[in-house]
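Chain and residue survey
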Amino acid sequence: MSDHAVLHVKGRVLVGPDDVRDEVWVVDGRISHDRPVGARDIPTVEGWALPGLVDAHCHVGLGAHGPVDADVAEKQALTDREAGTLLIRDAGSPSDTRWVDDREDLPKIIRAGRHIARTRRYMRNYAHEIEPDELVAYVAQEARRGDGWVKLVGDWIDRDLGDLSACWPRDAVEAAITEAHRLGARVTAHCFAEESLRDLVEAGIDCIEHATGLTEDLIPLFASRGVAIVPTLVNIATFPRLADGGESRYPRWSAHMRRLHESRYDTVRSAYDAGIPVYVGTDAGGSLAHGLVAGEVAELVAAGIPPVEALSATTWGARRWLGRPGLDEGAPADLVVYESDPRADVRVLAAPRRVVLNGRIVG
């Protein structure tokens with residue numbers, strides 16, 4: 001790891017989608033747009049620089065069977081860092097990852113506490129599994145533990161029904177979201193299917209994860225309420241395999257999952273066209289590998305989102321949404337440098353030339 005009090009980043013610095021500068025300076029780990037007085041023999045990084053990428057749905061500390069040891073969580077975070085992800089919204093984890101905050105060489109994490117799910121209606125060892133009359137109390141608990149977010153499981157397979165169905169009654173989510181907002185936290189929810197979405201949005205939810213069940217009649221509601229979506233298309237790509245695995249026991253669920261997969265690009269493009277905020281998230285952790293942020297940006301472009309907007313969904317726009325700075329004066333110097341202009345071809349994101357975190361070259 002390089003550790004310099006001053007670093008010079010030059011070439012083309014994308015402070016914003018249309019704010020391109022020739023250089024930026026790093027002084028004591030912070031961004032400066034003014035050359036330091038008396039600076040000589042300063043280490044230089046050259047190329048196309050972006051704010052550190054954001055993965056707005058990522059699970060550090062989570063494995064296929066639940067929480068993982070700190071050494072595994074560290075490897076997950078380092079894998080994300082090497083991919084250029086320097087800010088993570090951890091959308092639910094049973095692990096305590098507060099120790100990451102003391103590590104200047106690891107990405108910054110915004111935590112949503114632990115998933116809150118209905119009893120026996122989510123993956124084992126992942127969530128608090130509770131009943132509706134406990135929802136407000138658990139939301140309050142996770143709002144206090146998290147970093148301004150709470151994560152609900154809005155739907156999951158109902159094995160008696162043999163298909164996806166909503167987990168919570170309307171009055172329970174209304175009371176829970178009201179309580180989270182009272183405590184200063186935003187609320188997001190895992191939702192694959194259609195059924196739970198109207199109740200959650202009308203109850204005041206702030207974001208929906210996956211949102212594969214977003215239908216034409218619901219899009220105006222999302223847009224008018226300003227409810228964001230994080231599509232996690234690299235995860236939705238696994239739906240056909242999941243459907244094949246469940247075909248014999250749950251044919252109705254399998255057919256539903258295939259339909260949601262087939263319409264995924266149209267769903268995301270329709271949401272974007274309607275003005276619904278769309279952000280990059282990979283759903284890394286659990287069964288999905290870390291370090292997939294470039295692939296998710298490429299998937300948004302494949303869905304029809306313009307490349308600069310897909311970039312914003314993991315840089316300028318995502319950081320603004322999460323209340324974290326980009327390459328602003330005095331901000332922590334978290335940036336990624338590439339060989340060529342990522343606005344021209346987002347596939348450039350897959351090969352960072354340099355990764356700078358807290359002013360240090362770490363990759």
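What counts, and where the lines are drawn
Residues numbered from 1 in each chain as written. Predicted model: local features only at pLDDT ≥ 70, side-chain atom pairs only at ≥ 80, totals over all residues. Heavy atoms only, no water. Phe/Tyr/Trp six-rings, centres within 6.5 Å; stacked < 30°, edge-to-face > 60°. Helix = DSSP H or I, 4+ residues; strand = E, 2+ residues; numbered from the N terminus. Buried < 20%, exposed > 50% of the residue type's maximum accessible area, 1.4 Å probe, protein only. Axes fitted to C-alpha atoms, helices over the stretch in contact; angles between N-to-C directions. Parallel < 35°, antiparallel > 145°, perpendicular 65-115°, else oblique. Contact = heavy atoms within 4.5 Å. Nonpolar A, V, L, I, M, F, W, Y, C, P; charged D, E, K, R; others polar. Pairing = 2+ DSSP bridges. Right-handed = clockwise from strand over helix to strand, strands pointing away.

**Re the packing of aromatic side chains**
Under the counting rule described, the total for this entry stands at 6 aromatic pairs. Each ring, one from Phe 192 and one from Phe 239, has its centre 4.8 Å from the other, and the planes form 75 degrees; the classification is edge-to-face. Of this pair, Phe 192 sits in the loop between strand E14 (186-191) and helix H4 (197-202) while Phe 239 sits in helix H7 (residues 239-246), and the two are 47 residues apart along the sequence. Across the pair, Phe 239 and Phe 192 agree in class, each one buried. Within the aromatic cluster, the residues linked to one another by ring pairs are Tyr 122, Tyr 126, Trp 156, Phe 192 and Phe 239.

**Some thoughts on unusual backbone geometry**
A positive phi angle, close to 60 degrees, is found at Arg 120, a residue other than glycine. You can see Arg 120 is positioned in the loop between strand E9 (116-118) and strand E10 (128-130). In this structure Arg 120 comes out as exposed when scored by relative accessible area, which is 68%. Phi is positive for Asn 125, which is not a glycine, with a value near 75 degrees. The exposure class of Asn 125 is partly exposed, given its relative accessible area of 42%.

**Brief notes about the packing of H7 against helix H8 (residues 251-262)**
H8 packs onto H7 with a crossing angle of 170 degrees between their chain directions and a minimal axis gap of 8 Å. By the criterion of interaxial angle, the relationship of H7 to H8 is roughly antiparallel. Between H7, through Phe 239, Pro 240, Leu 242, Ala 243, Asp 244 and Gly 246, and H8, the contact on the second element is made entirely by Pro 251, Trp 253, Ser 254, Met 257, Arg 258, Leu 260 and His 261. Residue composition of the contact of H7 with H8, grouped by class: 8 nonpolar, 3 polar and 2 charged.

**Quick look at the sheet that holds strand E20 (residues 360-361)**
Spatially, the 7 strands line up as an open sheet ordered E3-E2-E1-E4-E18-E19-E20, and their pairing is mixed. Across the chains shown, the open sheet's two edge strands, defined by having one partner strand only, are strand E3 (30-32) and E20. The pairing of strand E19 (residues 354-357) with E20 spans 2 bridges and is antiparallel. Residue Val 356 lies in a different strand from E20, and its bridge partner there is Ile 361.

**Some points on the pairing of strand E15 (residues 207-210)**
Bridge count between E14 and E15: 4 bridges; the pairing is parallel. Residue pairing for E15: His 190 is matched across the bridge by Glu 209. At this point the chain moves from E14, through H4, to the parallel E15, and the crossover so formed is right-handed. Where E15 and strand E16 (residues 228-230) come together, 3 bridges link them in parallel fashion. Within the sheet, the bridge partner assigned to Ile 208 lies in E16 and is Ile 229. Handedness of the crossover joining E15 and E16 through helix H5 (residues 219-225): right-handed.

Note that all results are geometric; they support no functional claim without further evidence.
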